[in-house]
Amino acid sequence: MHGKRKNVTKEFGNLNFSEEMACYLILIVPIVGFLVFILYPYLWAGKWSFFNYTGVASQTRFVGWENFINIFTKDKSYWHAWLVTLKFTMLKLPIEIPLALLLATILQKDSLRGKGIFRSVYYLPSIISVAIVGAIFSNLFDFRGVINSCLMRFNIIQRPIDWFADYSTSMAVLLTASIWLSFGVNVLYFMAALSNVPVELYEAASVEGAGRIRKFFSITLPMIAPVFQTILLLAINGTLQTGEFIIVLSNGAPGGTTFTVGAYLINAFVPGFATGSPNIGYGSALSLVTSVFYCLIAVAYMKVSTRLANNS
Amino acid sequence: MERRNRIVNLICYLFLLIILLATLFPLIYTILSSFKTNMELLSDPGRIFPERFTVDNYIRAWNSDSLQIGRMFINSVLYTLGCVMIMLIEASLYGYVFARGKFRGKRILFLVFSSLMFINLGSITIYPLLEVLASVKLKSSLWALLVYKIFAIPIVNIYLVKSYIQSLPIALDEAAKIDGCGFVGIFFRIIRPMLKPIMATIGMLSFNSSWNEYLFPAVFTMAKPEQQTLIVGIIALKNSSESAVSWDLMFAGTTISLIPVLLAFAFANRYFVKGIAMGALKG
């Protein structure tokens, strides 16, 4: 036994046989998990995307590329969901990111009292379940909810607004809730980034007579640029993949017009959320296409932002 | 100049305060409303403080058939505990193996696992997932979901543990090795005790995310409403036809679902802050 182990050690250089075995044994669970719960679902979706499949074996039939062709030629509501997703991202991030950066910059000041409290409260919403956040906001903006009744009390509106009956007001509620939910995390991210900027730079700038705003644009922004890039990527990714939150808050109201892609897929295909018996084959094709788009957006963003960083 | 500075400071402070109040308002309103009578909720929603404090909503919610809070709360606690235990064991072990283990295929395997952060098939995965579980005679239930959790790969936390272990001096491992400790022994005797700080952070984040989970628990308990977690149950009530008349239950239920999270926030705030900041700078 002892001699055998020595031989193996010799054969593979500094690899230790029992250590190697221990590693494989420990990793057997995630490797099986990867094969069964990650790789297999992809193959599964790949296969069924060529079928009409509603879960009933007798109605299953092979349709070739038809599902994919339909996605690109017929499915208006899917592309509308993409439009909503992009609009949602374009409206949300230009508010959320500057707001978070501004708050983080103010909180960076040493003289400020109660810094810890502000910081903690700002990210409090982000540790609450997105489903519960949806429930809370759908209540606040209910027809008979507190927002309407406050607006009426201050005579801003004459009669209550049915927030979810109109596309633009429904989007406004979704945006408000979504910014409320996630701006605090970005404040934390930015504070971590700002604390890494050397103080000497600011002191030198003060000696030269630079004001607050000048310092912000000439020192702070360039210094935190790499982290900024990561923060933005995370924010874009998070916003693009928003799903359950919209299901709970607006559920697409009015008439499915406020579904993002994630929400659209849940609403159309997930058991318990979809009505009737959805064509899972078509859902597989949609999911594969969506997954490729997510990937492409992330890659495109990284390409563009590294090019920008190299140019400046 | 001095005066101008003071004015700027004052404006900054005011701005911070306004945002603070806007952040707290939805939560405070929800919690205060849970102490209002259903009458008041329906007739005067604009009032923030309850006219008359009552805990009737909680009593009713506890005994209600449409929202079996007691049972749901226990389900949530058990599910969350399960998830946290799985996460702590797996993240620490896998992180250790990838930080210190020497084995063939290590780099490839880590690369493959890391790619999971960017590849995501989305909600349709539920079908093949249920199919696999059914093929090993696991009907969809909250416990089947836990089994799936065992096989999930917590890649972000593996990253955190791996880089944490890599920052520990390797001399300790070598000393233990000379004393006759094997690869697994070194983990339990030397490394694991030193992981406490990072485990606290990972434990907190995992507690929070599993308590908050919605979509998967909702699908997995569809055929078994008695296994619904608190979050799933509350949203089910919201979507039901009763919701228009059961605001009292909604508010009480929502508040109860917030309590564990708020307690964790009050007592373990720094672990959250650390975890979130680490995620950004490492990611």
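The numbers attached to residues start from 1 for each chain and follow its sequence in the written order. A letter from A marks each chain and a number from 1 marks each ligand, given out in the order of writing. With pLDDT at 70 or above as the cut-off, local features in this predicted model cover only qualifying residues; side-chain atom pairs require 80 or more to be listed or tallied, and sums for whole chains, interfaces and linings still use all residues.

## Some thoughts on the overall build of chain B
Reasoning step 1: Helical segments are the DSSP runs of H or I of at least four residues, strand segments are the runs of E of at least two, and each set is numbered from the N terminus. The secondary structure content of chain B amounts to 14 helices and 0 strands.
Reasoning step 2: Mapped in sequence order, the helices and strands of chain B form the string α-α-α-α-α-α-α-α-α-α-α-α-α-α.
Reasoning step 3: Taking 283 residues into account, the globule formula puts the C-alpha radius of gyration at 19 Å, and chain B, at 24 Å, lies well above it.
Reasoning step 4: For chain B, the C-alpha atoms occupy an extent of roughly 75 × 75 × 35 Å along the three principal directions.
Reasoning step 5: When the 283 residues of chain B are sorted by exposure, 40% land in the buried category. This radius of gyration counts C-alpha atoms alone. The globule rule is 2.2 Å times how many residues there are, raised to the power 0.38. Exposed residues have 12 or fewer other C-beta atoms within 10 Å of their own C-beta, buried residues have 20 or more, and residues in between are partly exposed; the C-beta atoms are placed from the backbone.

## Here we look at the confidence of the model for chain B
Reasoning step 1: Here chain B averages 89 in pLDDT, and 97% of its residues register 70 or above.
Reasoning step 2: Predicted as a complex, the structure gets a pTM of 0.90 and an ipTM equal to 0.91. Residue-level confidence of the predictor is what pLDDT reports, using numbers from 0 through 100.

## Section: the interface of chain B and chain A
Reasoning step 1: Note on contacts: residues are paired as contacts if their backbone-placed C-beta atoms lie within 7 Å. Counting residues at the interface gives 66 residues for chain B and 76 residues for chain A.
Reasoning step 2: With 13 residues, the single largest contributor to the side of chain B that touches chain A is helix α14 (residues 247-282) of chain B.
Reasoning step 3: Think of it as three bins: nonpolar holds Ala, Val, Leu, Ile, Met, Phe, Trp, Tyr, Cys and Pro, charged holds Asp, Glu, Lys and Arg, and polar takes everything else, Gly as well. Among the residues making up the side of chain B that touches chain A, the classes are represented as 49 nonpolar, 15 polar and 2 charged.

## Remarks on the UniProt feature "domain: ABC transmembrane type-1" (unreviewed entry) in chain A
Reasoning step 1: UniProt positions are given in the numbering used here, feature names are shortened, and annotations may be inferred rather than shown by experiment. Feature annotation in UniProt assigns "domain: ABC transmembrane type-1" (unreviewed entry) to the following positions: residues 82-301 of chain A.
Reasoning step 2: Secondary structure over residues 82-301 of chain A splits into 71% helix and 0% strand, and the C-alpha atoms at its two ends are 17 Å apart.

## Observations regarding the UniProt feature "transmembrane region" (unreviewed entry) in chain B
Residues and elements named next belong to chain B.
Reasoning step 1: With numbering matched to this structure, UniProt assigns "transmembrane region" (unreviewed entry) to residues 7-32, 72-96, 108-130, 142-161, 194-211 and 249-268.
Reasoning step 2: Across residues 7-32 one finds 100% helix and 0% strand; the C-alpha atoms that close the span lie 35 Å apart.
Reasoning step 3: When the span residues 194-211 is considered, its composition is 94% helix and 0% strand, and the gap between its end C-alpha atoms is 27 Å.

## Considering the packing of helix α6 (residues 130-140) of chain A against helix α1 (residues 2-33) of chain B
Reasoning step 1: A fitted line through C-alpha atoms serves as each axis, taken over the contacting stretch for helices, and the angle formed by two N-to-C directions is quoted from 0 to 180°. Interaxial distance between α6 of chain A and α1 of chain B falls to 11 Å at its minimum, and their mutual angle equals 80°. Between α6 of chain A and α1 of chain B, the interaxial angle falls into the category roughly perpendicular. Contacts from I136, F137 and L140 of chain A of α6 of chain A reach α1 of chain B at P26, Y29 and T30 of chain B.
Reasoning step 2: For the contact of α6 of chain A with α1 of chain B, the residue count by class is 5 nonpolar, 1 polar and no charged. Working rule for angles: under 35 degrees goes down as roughly parallel, over 145 as roughly antiparallel, 65 to 115 as roughly perpendicular, anything else as oblique.

## With respect to the UniProt feature "transmembrane region" (unreviewed entry) in chain A
Residue and element names in this part refer to chain A.
Reasoning step 1: The UniProt record marks residues 21-43, 88-108, 120-141, 172-195, 216-236 and 280-302 with the feature "transmembrane region" (unreviewed entry), using the residue numbering of this structure.
Reasoning step 2: With 100% helix and 0% strand, residues 21-43 has its two end C-alpha atoms placed 30 Å apart.
Reasoning step 3: Along residues 120-141 the backbone is 68% helical and 0% strand, and the end-to-end C-alpha distance reaches 26 Å.

## With respect to the domain arrangement of chain A
Reasoning step 1: Looking at chain A, the domain boundaries give domain 1 (2-40) and domain 2 (75-311).
Reasoning step 2: Computed over C-alpha atoms only, the centres of domain 1 of chain A and domain 2 of chain A are separated by 43 Å. Segmentation of the chain into domains, including their bounds, is taken from an automatic or database domain assignment.

## Observations concerning the confidence of the model for chain A
Reasoning step 1: When the pLDDT values of chain A are averaged, the result is 88; 95% of them are 70 or greater.
Reasoning step 2: Confidence scores differ between elements of chain A, with helix α1 (residues 2-11) of chain A showing the lowest mean pLDDT of 46 and helix α4 (residues 76-107) of chain A the highest of 95.

## Observations concerning the environment of G184 of chain A
All names here are of chain A.
Reasoning step 1: Structurally, G184 is set in helix α8 (residues 167-194).
Reasoning step 2: Taking the C-beta count within 10 Å as the criterion, G184 has 24 such neighbours and is therefore assigned buried.
Reasoning step 3: Each C-alpha atom, one on G184 and one on T230, is 16 Å from the other, the two residues being 46 residues apart in sequence.
Reasoning step 4: Once you skip the residues sitting within four places of it in the chain, G184 turns out to touch Y122, Y123, L124, P125 and S126.

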